[in-house]
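# A closer look at the structure
In case you want the letters, here they are:
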Amino acid sequence: MGLFINIVLLTMLAVVTVAIIRQRSLLGVVILGAIYSFLMASVMMVLHAVDVAMTEASVGAGISTVLLLAVLHLVKTREYVPKKHNVGPLILSVAVGAGLIWGAMDLPAFGDAAAPIHQHVAPRYITQSMTETGVPNLVTAVLADYRSFDTLGETAVVFIAGIGVMLLLRRKQQSPSGPEAAQDILRGDVILQVATKLIFPFILLFALYVQLHGDYGPGGGFQAGVIAAAGVILVAIVFGQRVAKRIAPQGVVERMVPLGVLIFAGTGLVSLFAGRNFLDYVVFAADPVYARQVGILMVEAGVLVTVSGTMIALFYAFVDRGR
Amino acid sequence: MMSTAIDVLSGILIIAGSFFVLVGVIGLLRLPDIYTRLHGASVTDTAGALFLILGMMLQSGWTLVTLKLLIILAIFLFTLPVAAHALARAALHERVEPELAPDGAADGTDGDGEKV
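Presented here is an overview of the structure given in this document. (Residues numbered from 1 in each chain as written. Chains lettered and ligands numbered in written order. Predicted model: local features only at pLDDT ≥ 70, side-chain atom pairs only at ≥ 80, totals over all residues. Heavy atoms only, no water.)

### Focus: the overall build of chain B
Looking only at helices and strands, chain B features three helices and zero strands. Walking chain B from its N terminus toward its C terminus, one meets helices and strands in the order α-α-α. Sequence separation of at least 24 residues holds for 61% of the intrachain contacts in chain B that already meet a minimum separation of 6. Surface accessibility of chain B: about 7900 Å² in total, with carbon and sulfur atoms responsible for 72%. (Helix = DSSP H or I, 4+ residues; strand = E, 2+ residues; numbered from the N terminus. Contact = heavy atoms within 4.5 Å. Areas by Shrake-Rupley, 256 points an atom, 1.4 Å probe, with all protein chains shown as cover.)

### Quick look at the side chain of glutamine 241 of chain A
In this fold, glutamine 241 of chain A is placed in helix 11 (residues 241–247). A polar atom in the side chain of glutamine 241 of chain A sits 3.1 Å from the side chain of aspartate 320 of chain A. (Polar contact = N/O pair within 3.5 Å; in protein donor to acceptor, adjacent residues only side chain to side chain.)

### Details of the interface of chain A and chain B
Contact with chain A, which involves 10 residues of that partner, is made by nine residues of chain B. Buried area between chain A and chain B, both sides added, is near 850 Å², and the carbon and sulfur share of it is 76%. For aspartate 189 of chain A, the salt bridge identified is with arginine 89 of chain B, shortest N-O distance 3.1 Å. Linking chain A with chain B are two residue pairs in polar contact (both at pLDDT 80 or more). Partitioned by chemical class, the residues of the side of chain A that touches chain B number eight nonpolar, no polar and two charged. (Buried area = accessible area lost by both parts, 1.4 Å probe. Salt bridge = Lys/Arg side-chain N within 4 Å of Asp/Glu carboxyl O. Nonpolar A, V, L, I, M, F, W, Y, C, P; charged D, E, K, R; others polar.)

### Details of the layout of surface pockets
All names here are of chain A. As a volume, the second largest pocket reaches approximately 740 Å³. Lining the second largest pocket are 21 residues, with Ala49, Ile117, His118, Ala122 and Ile126 sitting closest to its centre. Taken together, the elements giving at least two residues each to the lining of the second largest pocket come down to helix 5 (116–119), helix 6 (122–133) and helix 7 (138–146). A per-element tally of the lining of the second largest pocket places helix 7 first, with four residues. (1 Å grid on protein atoms, 1.4 Å probe; cavity = no way out; pocket = protein on both sides within 12 Å on 5 of 7 lines; lining within 4 Å. Points joined across faces, edges and corners; volume = space filled by probe spheres on them.)

### A closer look at the packing of aromatic side chains
Residues and elements named next belong to chain A. Taken as a whole and judged by the stated rule, the model has six aromatic pairs over all chains. Between the aromatic rings of phenylalanine 206 and tyrosine 209, the centroid separation amounts to 6.1 Å while the plane-to-plane angle is 25 degrees, which identifies the pairing as stacked. Of this pair, phenylalanine 206 and tyrosine 209 both sit in helix 9 (residues 190–212), separated by three residues, roughly a single helical turn. Of the residues examined, tyrosine 209 reaches a relative accessible area of 39% and is grouped as partly exposed. With 6.3 Å between their ring centres and 40 degrees between their planes, tyrosine 281 and phenylalanine 284 make a pair best called tilted. Judged by relative accessible area, which is 1%, tyrosine 281 ranks as buried. Take phenylalanine 284: its relative accessible area is 26%, and that puts it in the partly exposed class. Seen from the ring of tyrosine 316, lysine 245 lies directly overhead, with NZ or CZ sitting 5.1 Å from the centre. The lysine or arginine in question, arginine 292, covers the ring of tyrosine 146, its NZ or CZ lying 5.3 Å from the ring centre. (Phe/Tyr/Trp six-rings, centres within 6.5 Å; stacked < 30°, edge-to-face > 60°. Buried < 20%, exposed > 50% of the residue type's maximum accessible area, 1.4 Å probe, protein only. Lys NZ or Arg CZ within 6 Å of the ring centre and 35° of its normal.)

None of this, on its own, says anything about what the molecule does.
Okay, structure coming up:
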């Protein structure tokens, strides 16, 4: 049964890839990309990587699609087709692809338990993480505790990318109360407004659940951040930017982008000043296991703040630029 | 005996759901324009999802999974028709013309050739 599901999913992935290559309308490419992400999330589910599946579904299929559609609002939606075909890039990509396949031949077989990656630190995480951190979800324990320095880097990447896009798109003259843009075509639709009003609190509640339940099940700051941002973006699409900016003011979301990284790095600095290693959570409580849970809560909160702030700020930046 | 009855019932529901998903996909592929295609696709959204999830709920018994499936069903039945509505409205806004029968060729309900 698992094999059958895998064959179906991977075949559909290949079909979607070909469709993306052949599709000339960029709108179609974005939608196909969302389908690809959902298929990929399903593959991750089959592999029992639930956290990754959730991230792929919420980030890849959800918020990226919305942000790419916002980009398409600024640029042309037809792919530029060059007049003459250039052979150079084809040769280069075939050569790189062949090199990668050749290099991958030496990798251990897929799922090989004796592979170095499963023998290095993984056994310690699998056997010790419950007693050391008290967090049932192993992924969260690794992401926010054992490997929290890497996660700090990831959060910083989100922060830097967000800052970069905002710097590129921002205009000197901001018109805070300018006319509502023509892209808000769904505004004024009663059905959508009522539906959004009803669903918006539940989206935020679900984001909170994903955030705080990340210790016990799939979820965490990254997923919760994009889900919360998706709620605000939904309001922005249905009610217009002005209403959304009353819920999540532009100044606030733009300050949230660095604030989350500061919370994360500040958590590390606290332990540094207390005489321990950077991001060593032992200092937060007398009981070392409880202290690590407090630390995980802190850094996950930092991730949530940066990710949700960045996503909303990016959406505002794209739509404001389109005016 | 009880478990067999539940298995049979949930099997029937899942097959019914799959049937409606199939009908929706055929409609999506065969119908002429975006509005009728949306009509086809919403069969998948509502009837297909309804029967599939009811079938799955029978399989999961009185557990937390059943409650989660119920919530998913409620969200599906609530959001997917709204999404279809938003899509139709966006198409209308972009002035995508519905494909109408030629004047006089309609079957009497719209015999005066008036555009609906």
